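If you want the building blocks of each chain, they are given just below.
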Amino acid sequence: MKNVLTDHKIYVAGIGLHPYLFPCETPYPVIGLTAVRAALADAGMAWPTVQSAYVGSANLGMAAGRVMLRHLGPTGISVVQIESASASGSAAFRAGCLDLAAGASDVCLVVGVDKFGKGHRASDKDGQLHLSPTATNPLVKFALMARAYLKDRNVGVEALARVAVKNHGNASLNPFAQFRKPRTLDQVLASPKVAGDLTVQQCCPRGDGAAAVILVSERAVARLGLDRARLVRVSASVATSENLPAEGVDPAIELIATSTRNALEQASIGPRDLDLVELHEAFSIEEILYTEAMGLCAPGDGARWLQDGHSQIGGRCAVNASGGLIGMGHPIGPTGVGQIAEIVRQIRGEAHGRQHPTARLGLAHMIGLGSVAFAHVLEKTA
Amino acid sequence: MTGDKTSTKPIAGRSAPGEPGIWLLSCDACGTLTFPPGAYGCQRCGTPREQCSTELRCGPFVLRNFVTIHADVMPAMKAPYVIGEVALSDGLVEQALIDVSDEGALRIGMTMRLLDESSGDGAPTLVRFTPA
């Protein structure tokens, strides 16, 4: 598979976040510009250095990027807004990578910014009738997948709850996380049931937030004299959408497996080479299913692999060291960019209090409404 | 039972003897069945709906999975209620409302019956399944 990022080296030079929040009255430019200014400061750059901008947002409406970025001063650059449901920020990040790889610009801002909205879905406007009004609801879909997994693997509901315990614990160490309290297994299991075996503490919160990164080309590194020790390379970028798999294989699982496999092939690594993975676990069952689908562990071993501590910070591969969607939060547009920021911070060795000891290779993986996927591999360079 | 090739069908209907069933889109090119019947093309090969047939399936419908929804996650539906995955034909599984007061009454693999609630024109108005 052709990888334009092999021929054109792209790096993350700066990261910045606004803490993820419960829905609030703060205008989105305040939240977004906090992240953008932090990313610029982290990269040691002034705003006029940036030559293009990609904005991931799902709920703000038209032209949210320009409305926000004009407060930094007009520079006349390209500002493109991208929406891909939960993966909006990941899609914007990929667009930024391809922009630089194509040589259209050398310094690019990618920012995800959002406020909690009504979550309008195209699948509710497609003119199609469903047997059940829940047919397009992700919570119900994953509650059904959780029930099937527990039955097929003959494991108890504690297997699901352990995902939330780990990720709430990681989030409690992350100053940008929406939830900052560790939870015990008993607390997670005793929280109110929402759907099937999923309790409320196994579901991601709604909220507002922002995350930003500065991407640079190899040419910009030389021209701007950037410190290579703080650069993290983007060694793979993949986008896929749902296919019709063989009977008995869930399309969502096939989507995860294919997108991950393609990204790892682009980066010339295997799943067991990964030190860090940030993945979409809006609901606890997803982390178990996806660690299997990604090949981090054997099929059917996801629950055991987590219980044995392999996905903890300090384990074989830290999964959702940020706290993930369940702990850090899922403000939609920012989430995928926040994953990139977390992996960059870890690879730099700057994740104080939650640092994974061997952080060289990371995978950021997001899905959007279970039907599109984005996968990026990030790699230590120095 | 095969219907016409062009109309936008409701998702449920009745066979000539009056048995309730679910309409599916049947691809004339590859034979794949698609739900809903109003899909704009075959889910496998993309053949336009206008070049497909519709087919009323009256069973057997098989329950593949189920959960109780405990919270009011859908504006129009008051919890608790039960959602199942029902096989409408081989390889075609859809979420559906299950008409039981307690999921304890269900087991995976059981045959389901389409509930017979109809308006004046005879077509089922609320599509729900219950154990046969």
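You'll find the structure just up there.
What counts, and at which threshold
- Throughout this description, residue numbers start from 1 for each chain and increase along the sequence as written.
- Note on labels: chains are lettered from A, ligands numbered from 1, in written order.
- Where local features are concerned, this predicted model is filtered to residues with pLDDT of at least 70; where side-chain atom pairs are given and counted, the filter is 80 or more; whole-chain, interface and lining totals use all residues.
- To obtain the side-chain values, all non-hydrogen atoms of the structure were used and water was disregarded.
- In what follows, a contact means two residues having at least one pair of non-hydrogen atoms within 4.5 Å.
- Two parts lose some accessible area (1.4 Å probe) when they are put together, and adding that loss for both gives the buried area.
- We count a salt bridge whenever a side-chain nitrogen from Lys or Arg sits within 4 Å of a carboxyl oxygen from Asp or Glu.
- N or O atoms closer than or at 3.5 Å make up a polar contact, with two conditions inside protein: a donor-capable atom paired with an acceptor-capable one, and, for residues adjacent in sequence, both atoms drawn from side chains.
- Here a strand is any run of E in DSSP of at least two residues, a helix any run of H or I of at least four, and the numbering for each starts at the N terminus.
- Note on residue categories: nonpolar means Ala, Val, Leu, Ile, Met, Phe, Trp, Tyr, Cys or Pro, charged means Asp, Glu, Lys or Arg, and polar means any other residue, Gly included.
- Every axis corresponds to a line fitted to the C-alpha atoms, with the helix fit spanning only the stretch in contact, and the corresponding angles, defined between N-to-C directions, vary from 0 to 180 degrees.
- If an angle is under 35 degrees, it is roughly parallel; if it is over 145, roughly antiparallel; if it lies from 65 to 115, roughly perpendicular; otherwise it is oblique.
- When the near helix sits turned anticlockwise from the far one by under a right angle, the crossing is termed left-handed; a clockwise turn instead gives a right-handed crossing.
- Pairing between two strands is assigned when DSSP locates at least 2 bridges connecting them.
- Categorising residues by exposure relies on relative accessible area from a 1.4 Å probe, with only protein chains included: less than 20% of the type maximum marks a residue as buried, more than 50% marks it as exposed, and the intermediate range marks it as partly exposed.

Engineer: Can you help me understand the interface of chain B and chain A in this one?
Structural biologist: Accessible area lost during the coming together of the parts is what is often quoted as the interface size. Across the contact, 33 residues belong to chain B and 25 residues belong to chain A. Of the roughly 2,400 Å² buried between chain B and chain A, counting both surfaces, carbon and sulfur atoms make up 64%. For the chain B face of the interface with chain A, the top three residues by lost area are Val67(B), His70(B) and Gln95(B), together amounting to 25%. Joining chain B to chain A, the criterion identifies 1 salt bridge. Taken together, the connections running from chain B to chain A amount to 12 residue pairs in polar contact (both at pLDDT 80 or more). Elements with a contribution of two residues or more to the side of chain B that touches chain A: strand S5 (61–69), strand S6 (81–89) and strand S7 (92–98) of chain B. For the side of chain B that touches chain A, the class distribution of residues is 21 nonpolar, 7 polar and 5 charged.

Engineer: Would you mind going over the packing of helix H9 (residues 251–266) of chain A against helix H10 (residues 284–293) of chain A with me for this structure?
Structural biologist: Between two packed helices, both the angle of their axes relative to each other and the distance between the axes serve to describe the pair. Residues and elements named next belong to chain A. For the pair H9 and H10, interaxial distance at closest approach is 9 Å and the crossing angle is 50°. Taken together, the axis directions place H9 and H10 in an arrangement best described as oblique. The crossing of H9 and H10 is right-handed. Residue-level contacts link Ile253, Ile256 and Ala257 of H9 to Leu289, Tyr290 and Ala293 of H10. Its residues assigned to classes, the contact of H9 with H10 comprises 6 nonpolar, no polar and no charged.

Engineer: Help me understand unusual backbone geometry in this model?
Structural biologist: Backbone phi values are negative for most residues with the exception of glycine, while trans is the configuration of most peptide bonds. The amide bond that connects Phe35(B) to the next residue, Pro36(B), takes the cis arrangement and shows omega of 5°. Relative to the helices and strands, Pro36(B) resides in the loop between strand S3 (33–34) and strand S4 (52–57). Across the junction of Ala79(B) and Pro80(B), the peptide omega takes the value 0°, indicating a cis bond. Its location among the elements puts Pro80(B) in the loop between S5 and S6. Backbone geometry at Ala63(A) places phi at a positive 60°, although glycine is not the residue there. Topologically, Ala63(A) is positioned in the loop between strand S2 (52–56) and helix H3 (64–69).

Engineer: Can you help me understand the sheet that holds strand S9 (residues 276–278) of chain A in this one?
Structural biologist: The pairing of strands in a sheet happens through backbone hydrogen bonds and is either parallel or antiparallel. All names here are of chain A. On the basis of which strands lie adjacent, the open sheet formed by 10 strands has the order S3-S2-S4-S7-S1-S8-S12-S11-S9-S10 and mixed pairing. Where the open sheet ends on each side, the last strands, each with one partner, are strand S3 (78–82) and strand S10 (318–319). For S9 and S10, the ladder comprises 2 bridges, and the chain directions are parallel. If you follow valine 277 over to S10, its bridge partner there is valine 319. Strands in contact with helix H4 (residues 88–101) are strand S1 (10–21), S2, S3, strand S4 (107–114), strand S7 (208–217), strand S8 (232–241), strand S11 (361–368) and strand S12 (372–380); relative to S2, the strand with the most contacts, it is inclined by about 160°.

Engineer: Would you mind going over the pattern of salt bridges with me for this structure?
Structural biologist: Any two side chains of opposite charge can pair, given that their charged atoms come close. All names here are of chain A. Applying the stated criterion across every chain, the model contains 15 salt bridges over all chains. For glutamate 218, the salt bridge goes to arginine 228, with nearest N and O atoms at 2.4 Å. Of this pair, glutamate 218 sits in helix H8 (residues 218–224) while arginine 228 is found in the loop between H8 and S8, placing the two residues 10 residues apart along the sequence. Taking the relative accessible area as the measure of exposure, glutamate 218 reaches 28% and is therefore partly exposed. The shortest N-O distance in the salt bridge between glutamate 350 and arginine 230 comes to 3.1 Å. A residue pair is termed long-range when its members are at least 10 positions apart, and glutamate 350 in the loop between helix H13 (335–348) and S11 and arginine 230 in the loop between H8 and S8 qualify at 120 residues. Bridged by salt links that share partners, the residues Asp42, Arg230, Arg348 and Glu350 form one connected network.

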